[in-house]
Structure formats: C-alpha cells, structure tokens
Amino acid sequence: MKILYVASEARPFVKTGGLGDVMGALPKTVASMKNDCRVIIPLYEEIPQEYRQTMRFVGSTYVDLSWRRQYLGVFEYTVDNVVYYFIDNEYYFKRKGLYGHFDDGERFAFFSKAVLEACLVTGFYPDVIHANDWHTALVPVFLDIFYRNVEGLRNTKTVFTIHNIEYQGKYDKYLAGDILGIPENWRSIVECDDDVNYMKAGIERANIVTTVSKTYAEEIKDPYYAYGLAGILNARDYKIRGVVNGIDVDVFNPATDKNLVANYTLKTVAKRAENKKALCELMGFNYSPDRPLMVLISRLTEQKGIDLVATVLDEMLQADIQLVVLGKGDWKYETILKNAEKTYNTKMRAIINFSQELASKLYGAADMFLMPSKSEPCGLSQLIAMRYGAVPIVRETGGLKDTVHAYEAWNGQGNGFTFANYNAGDMCHVICEAIDLYHDNKGAYAMLQQRGMTADFSWTRSAQEYRNIYESICR
C-alpha cells in the first residue's frame, strides 16, 4: 500500500510539538509493515543546513491558488526508509518560525494544494493521503474539487487526524473565493458559523477522521471540548476513530539516552538514583533518596492545568518533596512559579524555558511526573515519563485517561495516580496519596515504576490500527 503523510512539521527536520514527533515515528513504523510510506512538509527556512544541502531536487511546477500562480519546487530526503518530500516556495516559507504569520491561511492553503500538484511532479500517486491538523485539512477538499480527474488520484482515499481541535484554521469568508478558489457550489463545505474553517472542511471531506486517543474521540463530540465543532462531529460520528499515539522508543530510551548521567534498564533501575543525585546537585537541592522528586514539563497555560498547580502550590510545597518545573507560557503562571521559587528556594526550581537535554534529565531523575491537564488529546510526556520510570500523576482526560490507570491499594493494580474532576483540591489529594505510598510502601511504588517501564508505548500497535484503517477504506 502507498501512503502519503501530509503535515506542517516532522522530526528530525523541524519540530515545535507532538505532531513533529508523530511524523517522525508513525510513517517509519507503517513502512516497516511492507508499505511504501512518504511524508511531505514545507521547506522552511528553519530546516537545518545539514539536511538542506543533501536534499535532491525532484522537479518544479506552478500552483494556481484562485487568481495567483505560485512557484512549486519539490525536494526529497530519505530517513529510515521513508522518503520525505519538501515543498519549496520562498515567498511562503523563507521566514523565521513555522507559524504565527499574518497570512498563515494563504500559506497553508498553498501548501495543501501544492501537495496534490507535487504528486504529478514526483509520480507518486498514493492509495491513501493522511492529512494532519488544520494546516493540511484542505487536502481532501482540493482533491475532491480539483484533482479527481487526474488518473493517479482518481481513487485515492483520505484520512484526516485532529491532533488538537482548539486550533482550526478559522478565517474570514472572503478566503473561500479570493484565496482558496472554491466554486460557489462547494463553499458550504469550507464554511462554518459565517467563517471559513479549514478543520471543518477536512472533517467533511475525509473518508475517515481520527483523533489521537479513544477518549478524546468521544470528548470532542461534547461542546465543552469541541470549540464549536460538536455539531459537525456528531453528524459525522460514523467516520470518527480514536487511535492513541505512541512514542519513538529508540529516541526515548533510558538505556541509551546520552543526556543522562547514568543509563539504565529495568534490570539496572537502581542506577536511576545517580540521575536523581546529579539533578539535585544541578538544581542546588540537598539529595535524599527518601525525599520524592516531582517534575512538571509543560507549556505553562490553563489548558495544561497550571492554574490548578498555582492554586495549591504553597500547600504542595509544605510536603516533604522537591519540585522542578520546566516550560514557558503565560506570563501570569511564569511569575507565580518564579515567586514560589524564591520562597521555597531549597526545594523548588522553575526553569522558564525548554530544553530537550534538561527534559531528559528530569525524566530520568523524577520519582513523580505531574500532568494535570484540563484537556489533553493524547499527551506524550506521560508516556515518556513512564518509560523512564517516573510515576505519573494525571487528570483523567483524553489520552491521559487511556494510558494512565489509577493505583488501587486493595489489589495493587494501576500504573499511576489519577483524579477526575478539574479541581485543585482533588489534584492535591492524589499528590498526597503518591507521596504517602512513596514513603510507606517502597515495594508497591517500585511496582508502579516497573509497570510503566515495561508497558508497550511504541508505535507498533497504533501503526497497525492505522494500517487497518487504510485497508478498510481502500477495499
């Protein structure tokens, strides 16, 4: 089977979040199942020169975007038996940063149409095009309107994945004609609540719509989570699937991670103590094997539950713990955390930044990993934390609910600590439960660590689910 993955970013070339990780791992896993998988992303200025200078030029053409006629160049680079294509247009993509430009609606409309035009340049006509998030949601739309008369694309099926429904690509209605060039009789497809809505259009035209966890697939049908799209999602319920993300276990591997002071496996997990000791020294903490180290690695926003943390931070830090927060976001929360660091200088650090090197050190040292999200489509951080032996404390939402199961003292089951209500008191209660177990029952706590480290969070199972979806729509 031939599958073309379309996304706005992909590791190792360029990445701002979880989508980049997915596009680095999912295609190579599906390719290992004897499929021809290729990925296509924009050729951003941000892509390092080490990749750009060894890319192969494939060819060029032009893309008609309403009254515009824009240059399209195609380059390719192969990683892990997956061919990556890059859409070259300096007017749209030779800029600092991937997103946040005034004309993002036009930039990604161009990219979506260029993806289909690039099939003619490369000669790669996929059985399935798998688009991701609003930036590429117009691919199924443009395919149906403009490219069904192309022989190689006549029977191509489409999958559209919602990684985060909050970001939909909403613009003024004039874009439908002036930029997208959508004929009048098709415009209802791209319109929603008197706007053009790229994500809504993708949901309408894709053969299958997936989200990144089974719980999130149900949550987004609820107006609380749907950001205005509950109506269309409930109307198209028959084609919505939830497939939980995996992680690249070759990249996130405590046995080989070069950022750790001491590498370890389940059999040598005692070596984790060396990482905890080294991190305490780095943070200026006094090291004690009997004092739990809790970490939080997150964007500092309300969606990530940082308002809950801010509400009970003083209460949390009255306990005998050490806390390290890594991330950046809303100024309000950055300020609260930095002020708390001054007050609790011997036991808390707030690092307002992001560093993958430091994140790895935190995963490899932490006893507990806090992730109290208000909404979390899938979440990769809790999966990485468990792989590294940090016990997760999460709110039961989205992928967190699917992957972290509450510890039950009466039978010893579970792999972490959870709370259901979006409530600071409930969060504080389960944190106290985790601290008590850490102090009072080392054997039970070690069992939670072991379950996390031995769980299969690789892409293999999820990739098989996607492969089954591809096959089902191509029959």
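Residues numbered from 1 in each chain as written. Predicted model: local features only at pLDDT ≥ 70, side-chain atom pairs only at ≥ 80, totals over all residues. Heavy atoms only, no water.

**Focus: the overall build of the chain**
Item 1. Counting its regular elements, the chain contains 20 helices and 18 strands.
Item 2. For 475 residues, the compact-globule formula gives about 23 Å, and the C-alpha radius of gyration of the chain, at 23 Å, lands near that figure.
Item 3. The principal-axis extent of the C-alpha atoms belonging to the chain is close to 70 × 45 × 40 Å.
Item 4. The buried share of the chain, taken over its 475 residues, is 59%. (Helix = DSSP H or I, 4+ residues; strand = E, 2+ residues; numbered from the N terminus. Rg over C-alpha atoms; globule rule 2.2 N^0.38 Å. Buried < 20%, exposed > 50% of the residue type's maximum accessible area, 1.4 Å probe, protein only.)

**Considering the packing of aromatic side chains**
Item 1. Applying the stated criterion across every chain, the model contains 26 aromatic pairs.
Item 2. The interplanar angle of 50° and the centroid separation of 5.4 Å between the aromatic rings of Tyr 171 and Tyr 198 together place this pair among those described as tilted. Residue Tyr 171 is located in strand E8 (residues 170–171), and its partner Tyr 198 is located in helix H8 (residues 198–205); the two are separated by 27 residues in the primary sequence.
Item 3. According to the relative accessible area criterion, Tyr 171 is partly exposed, its value standing at 22%.
Item 4. A ring pair is formed by Tyr 363 and Tyr 388, whose centres lie 5.9 Å apart and whose planes are at 45°; its orientation type is tilted. One end of the pair, Tyr 363, is in helix H15 (residues 356–365); the other, Tyr 388, is in the loop between helix H16 (381–387) and strand E17 (391–395), with 25 residues separating them in the sequence.
Item 5. Chaining the aromatic ring pairs together yields one cluster made of Tyr 44, Tyr 91, Tyr 92, Phe 93, Phe 110 and Phe 111. (Phe/Tyr/Trp six-rings, centres within 6.5 Å; stacked < 30°, edge-to-face > 60°.)

**Side note on the nonpolar core**
Item 1. Among the nonpolar cores identified, the biggest contains 98 residues, and Ile 47 and Ile 87 are the most heavily contacted of them.
Item 2. When residues in this core are grouped by element, the largest group, 9 residues, is from helix H4 (residues 104–122).
Item 3. Listed in part, the 38 residues of the second largest apolar core include Leu 308, Val 309, Tyr 344 and Leu 370. (Core = buried A, V, L, I, M, F, W, Y, C linked by side-chain atoms within 4.5 Å.)

**Some words on the sheet that holds strand E9 (residues 191–192)**
Item 1. Pairing is antiparallel in the open sheet, where 3 strands are placed in the order E8-E10-E9. Looking at strand neighbours, the two that pair on one side only are E8 and E9, the edges of this open sheet.
Item 2. In terms of strand pairing, E8 meets strand E10 (residues 195–197) through 2 bridges, oriented antiparallel. In the strand pairing of E10, Tyr 171 is matched with Val 196.
Item 3. H8 contacts E8, E9 and E10 of the sheet and is inclined by roughly 55° relative to E10. (Pairing = 2+ DSSP bridges. Contact = heavy atoms within 4.5 Å. Axes fitted to C-alpha atoms, helices over the stretch in contact; angles between N-to-C directions.)

**Notes on the side chain of Ser 213**
Item 1. You can see Ser 213 is positioned in the loop between strand E11 (208–211) and helix H9 (214–219).
Item 2. Judged by its relative accessible area of 0%, Ser 213 is buried.
Item 3. A distance of 2.6 Å separates the side chain of Ser 213 from the backbone oxygen of Pro 377, its partner in a polar contact.
Item 4. A polar contact is formed between the side chain of Ser 213 and the backbone nitrogen of Gly 399, at a distance of 3.2 Å.
Item 5. Excluding residues that lie within four positions of it along the chain, Ser 213 makes contacts with Gly 242, Val 243, Val 244, Pro 377, Cys 378, Gly 398, Gly 399 and Asp 402. (Polar contact = N/O pair within 3.5 Å; in protein donor to acceptor, adjacent residues only side chain to side chain.)

**A few points about the packing of helix H5 (residues 139–146) against H8**
Each pair of packed helices can be summarised by the angle the axes make with each other and by the distance between the axes.
Item 1. For the pair H5 and H8, interaxial distance at closest approach is 7 Å and the crossing angle is 60°. Comparing the axis directions of H5 and H8 gives the class oblique. For the pair H5 and H8, contact is made by Pro 140, Val 141 and Asp 144 and by Ala 201, Gly 202 and Arg 205, respectively.
Item 2. When grouped by side-chain class, the residues that make up the contact of H5 with H8 number 3 nonpolar, 1 polar and 2 charged. (Parallel < 35°, antiparallel > 145°, perpendicular 65-115°, else oblique. Nonpolar A, V, L, I, M, F, W, Y, C, P; charged D, E, K, R; others polar.)

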